[in-house]
2 protein chains.
Amino acid sequence: MEPYELTATAASKLIAEKKLSCEELARSTLARIEEREPVVKAWSYVDRDMVIRKARDLDKTPPKTPLHGLTFGVKDVIETVDMPTQQNSPLYAGHQSGQDAACVAVVRHGGALIVGKTDTVEFASGGRMAATHNPHNGAHTPGGSSSGSGAAVGDLQVQLAFGTQTGGSHIRPAAFNGIYGIKPTHGAVSREGAKNYSHTLDTIGWYGRSVDDLELVAREFRLFGIDAPETVALKGLRVGLCRTPYWDKADGYAKAALLEAGRRLEKAGAIVVEFDLPASFAGLDDAQHAVIYGEGRGAFLPVYLGPQRHLLAQHFVDIVENTKNDPQITPKMLVDAYDLAARCRMEFDAMIPGTVDVVMAPASPGEPPEGLSSSGNPVFNAMWTLLHVPCLAIPVGKSPRNLPLGIQLVGPRFADARLIHIAHACAPAIHENNALGVIQA
Amino acid sequence: MEPYELTATAASKLIAEKKLSCEELARSTLARIEEREPVVKAWSYVDRDMVIRKARDLDKTPPKTPLHGLTFGVKDVIETVDMPTQQNSPLYAGHQSGQDAACVAVVRHGGALIVGKTDTVEFASGGRMAATHNPHNGAHTPGGSSSGSGAAVGDLQVQLAFGTQTGGSHIRPAAFNGIYGIKPTHGAVSREGAKNYSHTLDTIGWYGRSVDDLELVAREFRLFGIDAPETVALKGLRVGLCRTPYWDKADGYAKAALLEAGRRLEKAGAIVVEFDLPASFAGLDDAQHAVIYGEGRGAFLPVYLGPQRHLLAQHFVDIVENTKNDPQITPKMLVDAYDLAARCRMEFDAMIPGTVDVVMAPASPGEPPEGLSSSGNPVFNAMWTLLHVPCLAIPVGKSPRNLPLGIQLVGPRFADARLIHIAHACAPAIHENNALGVIQA
């Protein structure tokens, strides 16, 4: 096994035992990237020499945390002190922010090796798509806007990566690339230094190749309760199988993946029950739409007013001008959206652990779309983003076209640690010992 | 009258009519700053030559907006491309972010002359206080954390300035410095490039010397409805005089200022009625405390984990470690705080315009405290910050010690434009034609 193939957790153990050096891992990673980049195109920036130099520096320093030497990709809407942050926008070509975003600083202080910047949809929003291909089937999208981060982890080019989610930009690519991903409770991780799009929705998340990998990073962010030891037994765990109000938007594969994951959990001892959301939740997708465009007006106003507006994709001009939205965003729509979200948050949290221990829902509408012109529909993510609840994506299997499918576990706000513990119990059953099964629609 | 004494609105008119050049205004402004800085200490950075150079450039360009050439101070937690952003922290000494914050970019594109960076409480939070003195009585604080911005506008050193409010950092200094200030609806103005402390609370605001001045800036931010012409008649306007649940925290001057403002409005034709908030609103101050410290944990984690933790004031170490808070912040406290705020937001908005047209409340607990060790109590601001509602400070008069006192008008979320129109009607009565009366406690 080559070092690049190791999960973060496995590599961390070897590095701690001095059986693997940071430089060896870095060189193996860079070789993998060099081999695969022409096909996958996950990266917008990698400085090979800097990566090796930093890996050597890490080898001279005793590990402070289990992240020491682990390879990390950073979505290119998140600032890095030593690399450009280009937002996939001509406005930011070569832009050096001169500082690390909060999330990057946390893992860098923990010893993570920042390998490079991953390609993104323009400003993690719309406009210019990432150049990235799905590593499992290059004719398809890896999803977005965290396209490069999802593909890089899914293609074993890097062990961990940051993404962001404002609609469905983090969890959907996790499913599309056959990897694990967590979008923590909104606000649990500082977004300072990441592109602002919608303050109510923007959330930093990360990808890994196992639940353990996600937990390694969660510990550095000191998520509430993450240090308390807890082992969740799958036997008797009440899993709410949630089709969501948008089930008719799921293709046969997404439906099969969710139902198959339910059957696997049941077989392994969990109690899987149907979990219906109250009727009012059906308004959350429209509410998220109002919030993302209503708040986006202010986010893109500065560039719109500036001398370089011609470098901004029409998508952003439309958001600021608020004339092409159908319907146009009004203050009443925004307030109604905030208030619906607030009521649904309270209702959702009240059902856990009263009714079920965890909710399981589709992570995407199904197979990643063909071509790179669409990164897929965020409808199975947007409602959860607006609810601020933690979501954790787990791979289920692949379609006959070798396209990954996943589900997400969802918990109440700030129960991130509990959600990770539950995922530890569920993932081996759902993911079938990492051997992906082929899902038939 | 010297140019520095002009309100933004008056100067804008003269500049448009070519009766005043940007350079004349800039030179007058710089002379005023030079004279007063040794006493007031409002500034952390002013580059005299750059200001004159930029003013000359503006004189060569036709005005794009009414902000052309107007003098603007920027609180030093807000990034500027051409000046350091130092956060009043040794960690950021000389720090150049290399970019403009969103709010700075908007007014700069409008032609505003950014004069310099104003002193702030460390990270707009706690720890190191600003060196700024109250310009009306140097033995007292100008308030904070927007200390320098409030004092600079109050001392006629600059016409407009940005502040921020997470607790009471913007509206309280407006009252303490005898000026106008608006904290718009949370999220209406992008906070990108301003220090992140608490994403639920952080709000960009601005100061001016009249309601017209505030409106000039509001137009550039395209606040909802700001372009619709509306004239509010004071006669028959229903003003809800709101003591808030914290009335016992107000000193005799704050109480007298609110009641006096009510009498003045009534005399001018308004219908002033007592406005009591529902009992649940009494929990908002504690809720704001939970949110600010709960979210601050993540905001200050990166520096806490880094090699320069020793340069961080103990205040921030305590926030991250969450051990000195009494009580310690828990996930349940945070969720309860969010949900209480959400319910109160709905209740508050439902009362306007049903019960009253606008709410009038204390802007501070009274006179600015003596000395610079405390910037004052945010208790009359924190609840409104958490409610996300727009607040507009209006000066009322001064105490016998020459210390300014103010009130704030408060409206429902996203009714910023309406609030400004109402303030146009109310301010002449409250502020008594700009001649400050002496308030007796």
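Residues numbered from 1 in each chain as written. Chains lettered and ligands numbered in written order. Predicted model: local features only at pLDDT ≥ 70, side-chain atom pairs only at ≥ 80, totals over all residues. Heavy atoms only, no water.

- The name an unreviewed UniProt entry assigns to chain A is Amidase, from the organism Achromobacter aloeverae.

## As for the overall build of chain A
Logical step 1: Within chain A one finds 14 helices and twelve strands.
Logical step 2: Against the globule reference of 22 Å for 441 residues, chain A gives a C-alpha radius of gyration of 20 Å, in line with a compact fold.
Logical step 3: In terms of overall dimensions, chain A has C-alpha extents of about 60 × 55 × 40 Å along its principal axes.
Logical step 4: Going through the 441 residues of chain A one by one, you find that 68% of them count as buried.
Logical step 5: For chain A, restricting intrachain contacts to residue pairs at least 6 apart in sequence, the fraction spanning at least 24 positions comes to 78%.
Logical step 6: Carbon together with sulfur atoms contributes 52% to the accessible area of chain A, which is approximately 14400 Å² in total.
Logical step 7: For chain A, the distance from the average site of its 42 positive side-chain charges to the average site of its 48 negative ones is 1 Å. (Helix = DSSP H or I, 4+ residues; strand = E, 2+ residues; numbered from the N terminus. Rg over C-alpha atoms; globule rule 2.2 N^0.38 Å. Buried < 20%, exposed > 50% of the residue type's maximum accessible area, 1.4 Å probe, protein only. Contact = heavy atoms within 4.5 Å. Areas by Shrake-Rupley, 256 points an atom, 1.4 Å probe, with all protein chains shown as cover. Lys, Arg positive; Asp, Glu negative; His and termini not counted. Charge placed at Lys NZ, Arg CZ, Asp CG, Glu CD.)

## Examining the relation of the copies chain B and chain A
Logical step 1: Least-squares fitting of chain B to chain A yields an RMSD of 0.0 Å, with the superposition described by an axial translation of 0.0 Å and a rotation of 180 degrees. Both chain copies can therefore be described as sitting about a two-fold axis.
Logical step 2: Comparing contact sets, 100% of the residues at the interface of chain B also lie at the interface in chain A, consistent with an isologous, same-surface contact. (Least-squares fit on C-alpha atoms with pLDDT ≥ 70 in both.)

## As for the environment of L258 of chain A
Residue and element names in this part refer to chain A.
Logical step 1: The topology assignment puts L258 in helix α8 (residues 252-267).
Logical step 2: When the C-alpha positions of L258 and S28 are compared, they lie 36 Å apart, and in sequence the two are 230 residues distant.
Logical step 3: Beyond its immediate sequence surroundings of up to four residues, L258 is in contact with L241, C242, R243, W247, M360, A361, P362 and I407.

## Notes on the environment of M360 of chain B
Residue and element names in this part refer to chain B.
Logical step 1: Take M360: it is sitting in strand β9 (residues 358-362).
Logical step 2: On the basis of relative accessible area, M360 is assigned to the buried category, the value being 0%.
Logical step 3: For the pair M360 and Q96, spaced 264 residues apart in sequence, the C-alpha to C-alpha distance is 41 Å.
Logical step 4: Beyond its immediate sequence surroundings of up to four residues, M360 is in contact with V239, G240, L241, C242, L258, A261, G262, L265, I407, Q408, L409 and I430.

## Things to note about the packing of helix α8 (residues 252-267) of chain B against helix α14 (residues 416-430) of chain B
Residues and elements named next belong to chain B.
Logical step 1: Two elements in contact, α8 and α14, have axes separated by 8 Å at closest approach and are oriented at 110 degrees. Here α14 runs roughly perpendicular to α8, going by the angle between their axes. For the pair α8 and α14, contact is made by A261, R264 and L265 and by C426, A429 and I430, respectively.
Logical step 2: In terms of residue class, the contact of α8 with α14 is made up of five nonpolar, no polar and one charged. (Axes fitted to C-alpha atoms, helices over the stretch in contact; angles between N-to-C directions. Parallel < 35°, antiparallel > 145°, perpendicular 65-115°, else oblique. Nonpolar A, V, L, I, M, F, W, Y, C, P; charged D, E, K, R; others polar.)

## Remarks on helix α7 (residues 211-220) of chain A
All names here are of chain A.
Logical step 1: Counting buried positions over the ten residues of α7 gives eight, a clear majority of the element.
Logical step 2: Buried residues of α7: V211, D213, L214, E215, L216, V217, A218 and E220, and no others.
Logical step 3: Capping the start of α7, S210 holds a side-chain oxygen 3.4 Å from the backbone nitrogen of D212, two or three residues further along.
Logical step 4: With its phi angle positive at about 55 degrees, R222 sits one or two positions after the end of α7. (Polar contact = N/O pair within 3.5 Å; in protein donor to acceptor, adjacent residues only side chain to side chain.)

## Quick look at the pairing of strand β2 (residues 71-75) of chain A
Residue and element names in this part refer to chain A.
Logical step 1: Among the five residues in β2, five count as buried, and that is most of the element.
Logical step 2: Side chains T71, G73 and K75 project from β2 onto one buried face, and the interleaved F72 and V74 project onto a second face that is buried too.
Logical step 3: In this sheet, strand β3 (residues 113-118) lies alongside β2 in parallel orientation, the contact comprising five bridges. From the neighbouring strand, F72 faces β3, where its bridge partner is I114.
Logical step 4: As a crossover connection, the stretch from β2 through helix α4 (residues 102-109) into β3 is right-handed. (Pairing = 2+ DSSP bridges. Right-handed = clockwise from strand over helix to strand, strands pointing away.)

## Focus on empty space enclosed by the protein
Logical step 1: Overall, the coordinates contain ten cavities of 30 Å³ or more when judged by the stated rule.
Logical step 2: Taken as a whole, the largest cavity spans an internal volume of roughly 410 Å³.
Logical step 3: Lining the largest cavity are 26 residues; nearest its centre among them are R345 and H388 of chain A together with T200, R345 and H388 of chain B.
Logical step 4: Grouping the amino acids of the lining of the largest cavity by side-chain chemistry returns nine nonpolar, ten polar and seven charged. (1 Å grid on protein atoms, 1.4 Å probe; cavity = no way out; pocket = protein on both sides within 12 Å on 5 of 7 lines; lining within 4 Å. Points joined across faces, edges and corners; volume = space filled by probe spheres on them.)

## Comments concerning the packing of helix α9 (residues 284-299) of chain B against helix α12 (residues 331-350) of chain B
Helix-helix packing: each pair is described by the crossing angle between the helix axes and the interaxial distance.
All names here are of chain B.
Logical step 1: It is at 9 Å that the axes of α9 and α12 come closest, and there the two elements cross at 130 degrees. As the angle between them shows, α9 and α12 are arranged oblique. For α9 against α12, the interelement crossing comes out left-handed. Residue-level inspection shows L284, A287, A290, V291, G294 and E295 of α9 in contact with α12, the latter providing M333, L334, A337, Y338, L340, A341 and C344.
Logical step 2: Residue composition of the contact of α9 with α12, by class: eleven nonpolar, one polar and one charged. (Left-handed = near helix turned anticlockwise from the far one by under 90°.)

## Considering the pattern of salt bridges
Logical step 1: The tally for this structure, following the rule as stated, stands at 54 salt bridges over all chains.
Logical step 2: A salt bridge links R413 of chain A to D339 of chain B; the shortest N-O distance between them is 3.0 Å. A residue pair is termed interchain when its members come from two chains, as with R413 of chain A in the loop between β11 (404-410) and α14 (416-430) and D339 of chain B in helix α12.
Logical step 3: Connected via shared salt-bridge partners are R32, E35, R36 and D155 of chain A. (Salt bridge = Lys/Arg side-chain N within 4 Å of Asp/Glu carboxyl O.)

## Quick notes on the interface of chain B and chain A
Logical step 1: Taken residue by residue, the interface counts 46 residues in chain B and 46 residues in chain A.
Logical step 2: When the area that chain B buries against chain A is broken down by residue, the three leading residues are E192, R222 and F224 of chain B, summing to 16%.
Logical step 3: Across the chain B-chain A interface, the total number found is 14 residue pairs in polar contact (both at pLDDT 80 or more).
Logical step 4: Breaking the side of chain B that touches chain A down by element, the ones donating at least two residues are α4 (102-109), α9, α10 (301-305) and α12 of chain B.
Logical step 5: Residue contributions to the side of chain B that touches chain A peak at nine residues, all from α12 of chain B.
Logical step 6: Per-class residue counts for the side of chain B that touches chain A are 20 nonpolar, 14 polar and twelve charged. (Buried area = accessible area lost by both parts, 1.4 Å probe.)

## What about helix α5 (residues 147-154) of chain B?
Residue and element names in this part refer to chain B.
Logical step 1: Burial analysis of α5 places eight of its eight residues in the buried class, which makes it a mostly covered element.
Logical step 2: Next to the buried residues of α5 lie α2 (22-40), β1 (43-45), β2 (71-75), β3 (113-118), β4 (160-165) and β6 (203-208).
Logical step 3: Phi turns positive one or two residues past the end of α5, at L156, with a value near 60 degrees.

## Describing the packing of aromatic side chains
Logical step 1: Applying the stated criterion to the full structure yields 24 aromatic pairs over all chains.
Logical step 2: One aromatic cluster is present, built from ring pairs that chain together Y92, F123, Y197, F300 and F316 of chain A.
Logical step 3: Of note, K195 of chain B hangs over the ring of F123 of chain B, and the distance from its end group to the ring centre comes to 5.2 Å.
Logical step 4: Directly above the aromatic system of F224 of chain A lies the positively charged group of R297 of chain B, at a separation of 4.3 Å from the ring centroid. (Phe/Tyr/Trp six-rings, centres within 6.5 Å; stacked < 30°, edge-to-face > 60°. Lys NZ or Arg CZ within 6 Å of the ring centre and 35° of its normal.)

## Focus: the domain arrangement of chain A
Residue and element names in this part refer to chain A.
Logical step 1: By domain assignment, chain A separates into domain 1 (3-221 + 234-280 + 338-438) and domain 2 (281-337).
Logical step 2: Taken over both partners, the interface formed by domain 1 and domain 2 buries close to 2500 Å², and the fraction arising from carbon and sulfur atoms is 67%.
Logical step 3: The largest contributions to the domain 1 side of the interface with domain 2 come from L91, Y197 and Y338, which together make up 28% of the buried area.
Logical step 4: The tally of links from domain 1 across to domain 2 stands at 22 residue pairs in polar contact (both at pLDDT 80 or more).
Logical step 5: Among the secondary structure elements, those contributing two or more residues to the side of domain 1 that touches domain 2 are α12 (331-350) and α13 (379-387).
Logical step 6: Considering each element in turn, the side of domain 1 that touches domain 2 owes the most residues, seven residues, to α12.
Logical step 7: Across the side of domain 1 that touches domain 2, the residue classes break down as 20 nonpolar, ten polar and four charged. (Domains from an automatic or database assignment.)

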